[in-house]
There are 2 protein chains.
Amino acid sequence: MNILYDERVDGALPRVDKAALLAELRERLPGLDILHREEDLKPYECDGLSAYRTMPMLVVLPERIEQVEALLRLCHRRRVPVVARGAGTGLSGGALPLEQGILLVMARFDKILEVNPEGRFARVQPGVRNLAISQAAAPFGLYYAPDPSSQIACSIGGNVAENAGGVHCLKYGLTVHNLLKVEILSVEGERLTLGSDALDSPGFDLLALFSGSEGMLGIVTEVTVKLLPRPQMAKVLLASFDSVEKAGRAVGEIIAAGVIPGGLEMMDNLAIRAAEDFIHAGYPVEAEAILLCELDGVEADVHDDCERVRRVLEQAGATEVRQARDEAERAKFWAGRKNAFPAVGRLSPDYYCMDGTIPRRELPGVLRGIAELSAEYGLRVANVFHAGDGNMHPLILFDANRPGELERAEALGGKILELCVAVGGSITGEHGVGREKINQMCAQFNADELTLFHAVKAAFDPGRLLNPGKNIPTLHRCAEFGAMHVHHGRLPFPELERF
Amino acid sequence: MNILYDERVDGALPRVDKAALLAELRERLPGLDILHREEDLKPYECDGLSAYRTMPMLVVLPERIEQVEALLRLCHRRRVPVVARGAGTGLSGGALPLEQGILLVMARFDKILEVNPEGRFARVQPGVRNLAISQAAAPFGLYYAPDPSSQIACSIGGNVAENAGGVHCLKYGLTVHNLLKVEILSVEGERLTLGSDALDSPGFDLLALFSGSEGMLGIVTEVTVKLLPRPQMAKVLLASFDSVEKAGRAVGEIIAAGVIPGGLEMMDNLAIRAAEDFIHAGYPVEAEAILLCELDGVEADVHDDCERVRRVLEQAGATEVRQARDEAERAKFWAGRKNAFPAVGRLSPDYYCMDGTIPRRELPGVLRGIAELSAEYGLRVANVFHAGDGNMHPLILFDANRPGELERAEALGGKILELCVAVGGSITGEHGVGREKINQMCAQFNADELTLFHAVKAAFDPGRLLNPGKNIPTLHRCAEFGAMHVHHGRLPFPELERF
């Protein structure tokens, strides 16, 4: 599928003469690998969200920080936009290139610089894969906690840019909670350090601000992450329910019982059947919903927690609660969950993966709301998600070849996100805003709040050269989208011209 | 003691006519309590850092958010600086008033609006005391984790402004890690929401940016904090050492052994003797250093951890390891630690409490460095601190009545903080920068980084009306202080005039 987007924001920049830019880059940065022919550029036209495609003007693949510095200085002087890209696994089009800009691929910065067990940190280059950090830390009994499903491939620089999450975020936090320090290059090529090796850093918390800023505030050149001790053991419970609402309520009750599971995932019947057909995980295909609840820690603790969670699940109306008998069965239970997206993908020519977050207590109502919207739009929706932290991933099934289905799928997705916002939630949990959800940002924030975002952006990048057109919509775009909040009865229009 | 500071930054604003301002406030905000007579203003001339004193021009004590809104709009129009204050317990002069500004006291906003056990959060007004949140959550088996020593008195709004810490931050994080959402008023009196009730909020992470921003970005009007389940039990170990370096090394080894204690505190001989004289906690007065290590969680877990930590302590050379026999002894062990500051205060007419943070592995070296500096400056230093997270609180003992001692104490304090920065640490752990450590910020950050801080400040408050002269030094000040970083061989002077 192919969703067009508004290029106007980029249009504010002068047109770039590709041949002249290429010539200048070659002259000033003789060692730098540059791709410029259509067949070489093609692999970079999208990230993990393949719905959005744009051919980049040029792709550069630096190997030394000095090259990135020089490139940024040159682009700043010539007012050429720069989009940074890690492994390109992002799901919101955050690394989508620009026709009039340079795609800066950071994948070759793939060195682990230090693993320090006493300080419990690892210092790595931005192109290091998420899983490679845990592998390097394993000999010390340590690991890096945030684990997006793409962790085999995705890079830590991209994780920082999108504030990536994963199955274990409920207990161990998002990327932002597991960072100590990042080294960045500003849009002008200045080296800046955000955060410190110590507990806290004075002044404003620019490290947290930077995390999840989607390449709009600077380019990550080095990341220092916290490492955690590997839990002694982990057990997983599989609970079946005869209604999704009951399963949704059980999630809140587990947390209210004082347990913080290592992972707490939910799948509905459509997802269960798809996963079971694909993986043969041993899931109960008659259940309307299942919960997978992993308890990790020291042995006695895990044992106590398992008993406590089992009682809560039974009281919440679970029709069956099974504990994985051994590591092999535990691995199978998780394999079903981790392959649920491709499994659902087999049910339908196309699917659209949403990412919204809601307060846990709203789960039963929002699940009901999604079912009603699904019926209204005549499209099936499978639910597979991080229930414990309220991070929903409804998968909308459709066939792009049937006239009107793509538009219906998009409209349904938008409605689901608005439902999330309406109950006090947010339009993203871990995939970011990128290009995909920029319109929904207009529903999430009012004009004053968006104005503040633009002002913060301007503090780092007044010329708006870094990843323009992502993450933060212009007020103009919001006015056209028609979802602009009107705040305190004041109309936002006087400010329209400002950004 | 009385330390003068540079008022120049405030001088950039027009002089305020006190009588005219008072008349206008009375006319436009008839119900607002305003203090203007010297005897009424006197109690507000300093916060918990009594070294710095300035008489505010006016003190206002609003009771409704609408009053704060109207006040901010009026001050914005007239370009009158506003300093917000909670309970006034801050230790870095962050709430120090201005002679040419309004002190906005938020103490009357003291309502707990909601305690939600299922969502595990509490929604409170900014003047609510830290401990009152845990008391309100106690019936549900929950509590609010960050626990500064002033928790009986300090307010949550002030905790947000200073990103307050406490004994339990090693395991449970600083204020920023325990926030879901804040409602703020901008300098123009606009209502803004930072964060959300859900796991994550899209766009830039302004909630984290705001936490610790010391009243420079906006005024907190409502705070939603996370609540945690109370640990089932807690045990405390007291280990004695014949050298501070050995104790410092043991700290790193406990963490490297895979244990995260609920609290891990260190005291040196001077502090031990002072506390024992004052509290009779049962401390070993011959020891050169003690560690207090609290393990909390479920029973079996705590038992295992105690055994593991005991072995680590013994291998690290502890001369004795005692476990508190019962709750009474545990309370006594902690009473000694919690009263260590006033206990040390009895040893000397004056003391100066520092707050620096270093990477844990640097503890032995920095403790040795402090001892050398103490000898060099001829002033005794007692060390009482959050060892587990590397947050040091050296207490410099001096007598302000002896000529030159105050200056020597200040100089020694500055040296200690520079030592912290030199080993990769920071000039504050939990007390903030405020007025006190503004010069050390010049050592911590380079000109590009400080310029970025000012640009971020300008995004929120371009007229610099909110708490001017705190937290972020002007480049001019840094140049005069002589500690300016020279970055990449470029001199910062061309930028001097910008801020």
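Each chain has its residues counted from 1, following the order in which its sequence is written. Written order determines the labels here, with chains lettered from A and ligands numbered from 1. With the structure being a predicted model, the display of local features is reserved for residues of pLDDT at least 70 and the display and counting of side-chain atom pairs for 80 or more, all residues being used for whole-chain, interface and lining totals. As a rule here, side-chain values cover all heavy atoms of the structure and leave hydrogens and water aside.

The name an unreviewed UniProt entry gives chain A is Glycolate oxidase, with Azotobacter beijerinckii as the organism. As recorded by UniProt, the Cofactor (unreviewed entry) comment attached to chain A reads in full: "FAD". UniProt positions are given in the numbering used here, feature names are shortened, and annotations may be inferred rather than shown by experiment.

K.L.:
Is there a simple way to explain a negative patch on the surface in this structure?
P.N.:
What goes into a patch is any residue over 30% in relative accessible area without a salt bridge, connected to like charges within 9 Å or, for nonpolar side chains (Val, Leu, Ile, Met, Phe, Trp, Tyr), within 5 Å. Each accessible area is a Shrake-Rupley result for a 1.4 Å probe, and residues are judged covered by the shown protein chains and nothing else. The salt bridge definition used is simple: a Lys or Arg side-chain nitrogen within 4 Å of an Asp or Glu carboxyl oxygen. Positive charges are assigned to Lys and Arg, negative charges to Asp and Glu, while His and the chain termini are left out of the count. Positions of charges follow a simple convention, taking NZ of Lys, CZ of Arg, CG of Asp or CD of Glu. Together, A:Glu299, B:Asp304, B:Glu307 and B:Glu314 make up a negatively charged patch on the protein surface. With a relative accessible area of 45%, B:Glu314 lands in the partly exposed category. Between buried and exposed lies partly exposed: a residue is buried under 20% and exposed over 50% of the maximum accessible area for its type, with that area taken using a 1.4 Å probe on protein chains only.

K.L.:
What exactly am I supposed to notice about the sheet that holds strand E5 (residues 112-116) of chain B here?
P.N.:
Strand pairing in a sheet takes place through backbone hydrogen bonds and is either antiparallel or parallel in direction. Residue and element names in this part refer to chain B. The pairing criterion is simple: DSSP has to find at least two bridges between the two strands. Every helix listed is a DSSP run of H or I at least four residues long, and every strand listed is a run of E at least two residues long, numbered separately from the N terminus. Judged by pairing direction, the sheet is antiparallel, and its five strands sit side by side in the order E5-E6-E10-E8-E9 without closing on themselves. Because the sheet does not close on itself, it has two edges, and the strands there are E5 and strand E9 (191-195). Going across the sheet, the axis of each strand differs from the next one's by a mean of 15°, ignoring polarity. Two strands pair when backbone bridges link them, and E5 and strand E6 (residues 121-124) are joined in this way by four bridges, in the antiparallel orientation. Note on E6: the bridge partner recorded for valine 115 is alanine 122. Docked against the sheet, helix H5 (residues 130-137) engages E5, E6 and strand E10 (219-226), running at close to 45° with respect to E5. Every axis in this analysis is a line fitted to C-alpha atoms, fitted for helices over the stretch in contact. Angles between the N-to-C directions lie between 0 and 180 degrees. By definition in these notes, contact holds between two residues if any of their heavy atoms fall within 4.5 Å.

K.L.:
It is not clear to me how the sheet that holds strand E3 (residues 82-85) of chain A should be interpreted in this structure. Could you clarify?
P.N.:
Residues and elements named next belong to chain A. The four strands are arranged E1-E2-E4-E3 in an open sheet whose pairing can be described as mixed. Of all strands in the sheet, those with a lone pairing partner are strand E1 (33-35) and E3, marking the two edges. In this sheet, neighbouring strand axes are inclined to one another by 25° on average, regardless of whether the strands run parallel or antiparallel. The pairing of E1 with strand E2 (residues 58-61) spans three bridges and is antiparallel. Within the sheet, the bridge partner assigned to leucine 35 lies in E2 and is valine 59. The sheet contacts of helix H2 (residues 18-28) involve E1, E2 and strand E4 (102-105), and relative to E2 the element is tilted by about 15°. On the sheet, helix H4 (residues 65-78) packs against E2, E3 and E4 and is oriented at approximately 165° with respect to E4.

K.L.:
Got a minute to help me understand H2(A) in this structure?
P.N.:
Given 3.6 residues per helical turn, the α-helix brings residues three or four places apart onto the same face. Residue and element names in this part refer to chain A. Listed in full, the buried residues belonging to H2 are Leu21, Leu22, Glu24 and Leu25. End-on view of H2: buried residues confined to an arc of 165°, all on one side of the axis. Pointing more than 90 degrees away from the buried face of H2 are the exposed residues Ala19 and Glu27. The secondary structure elements touched by the buried residues of H2 are E1, E2, H4 and E4. To be clear, the arc concerns the directions from the helix axis to the C-beta atoms.

K.L.:
What's the story with the packing of helix H14 (residues 363-377) of chain B against helix H15 (residues 405-422) of chain B in this structure? I'm lost.
P.N.:
When two helices pack together, their arrangement is given by the angle between the helix axes and the distance between those axes. Residues and elements named next belong to chain B. In contact at an axis separation of 10 Å, H14 and H15 are set at 160° when each is read in the N-to-C sense. As judged from the angle between their axes, H14 and H15 are roughly antiparallel. Considering only the axes of H14 and H15, their crossing is right-handed. Here Val366, Gly369, Ile370, Leu373, Ser374 and Tyr377 of H14 lie close against H15, whose contacting residues are Arg408, Ala411, Leu412, Lys415, Ile416 and Leu419. Only Asp, Glu, Lys and Arg are considered charged in this grouping, and only Ala, Val, Leu, Ile, Met, Phe, Trp, Tyr, Cys and Pro are considered nonpolar; every other residue, Gly among them, is considered polar. Here the residues of the contact of H14 with H15 are counted per class, giving eight nonpolar, two polar and two charged. In what follows, roughly perpendicular refers to angles from 65 to 115 degrees, roughly parallel to angles under 35, roughly antiparallel to angles over 145, and oblique to any angle outside these ranges. By definition, any crossing whose near helix is turned counterclockwise from its far helix by less than a right angle is left-handed, and any crossing with a clockwise turn is right-handed.

K.L.:
Honestly, the relation of the copies chain A and chain B in this entry has me stumped. Any pointers?
P.N.:
Mapping between the two copies of the chain is achieved by a rotation about an axis and a shift along the axis. Only residues with pLDDT of at least 70 in both copies contribute their C-alpha atoms to the least-squares superposition of the copies. Turning chain A through 180° and shifting it by 0.0 Å along the axis lays it on chain B, with an RMSD of 0.0 Å. Classification of the inter-copy transformation places it as that of a two-fold axis. Mapped onto chain B, 100% of the interface residues of chain A are again interface residues, and the two copies thus contact each other with one and the same surface.

K.L.:
For this particular structure, what's the right way to read the interface of chain A and chain B?
P.N.:
Many structure descriptions define interface size as the accessible area lost when the parts assemble. With 77 residues of chain A in contact, the opposing surface of chain B contributes 77 residues. In this description, buried area is defined as the sum, over both parts, of the accessible area (probe of 1.4 Å) that is lost when the two are combined. Summed over both partners, the interface of chain A with chain B comes to about 6,100 Å²; 63% of that surface belongs to carbon and sulfur atoms. At the junction of chain A and chain B, the tally comes to zero salt bridges. Under the rule applied, a polar contact is a pair of N or O atoms within 3.5 Å (in protein, one hydrogen donor and one hydrogen acceptor; residues adjacent in sequence only if both atoms are side-chain atoms). The tally of links between chain A and chain B comes to four residue pairs in polar contact (both at pLDDT 80 or more). By residue number, the principal contributor to the side of chain A that touches chain B is helix H17 (residues 447-460) of chain A, which donates nine residues.

K.L.:
Can you help me understand the domain arrangement of chain A in this one?
P.N.:
Residues and elements named next belong to chain A. Assigned domains within chain A: domain 1 (8-105), domain 2 (112-229), domain 3 (233-422) and domain 4 (440-495). In this assembly, domain 1 packs against domain 4 so that about 960 Å² is buried in total across both faces, 60% of it on carbon and sulfur atoms. The tally of links between domain 1 and domain 4 comes to zero salt bridges. Counting every contact that joins domain 1 to domain 4 gives five residue pairs in polar contact (both at pLDDT 80 or more). Domain boundaries shown here were taken from an automatic or database domain assignment.

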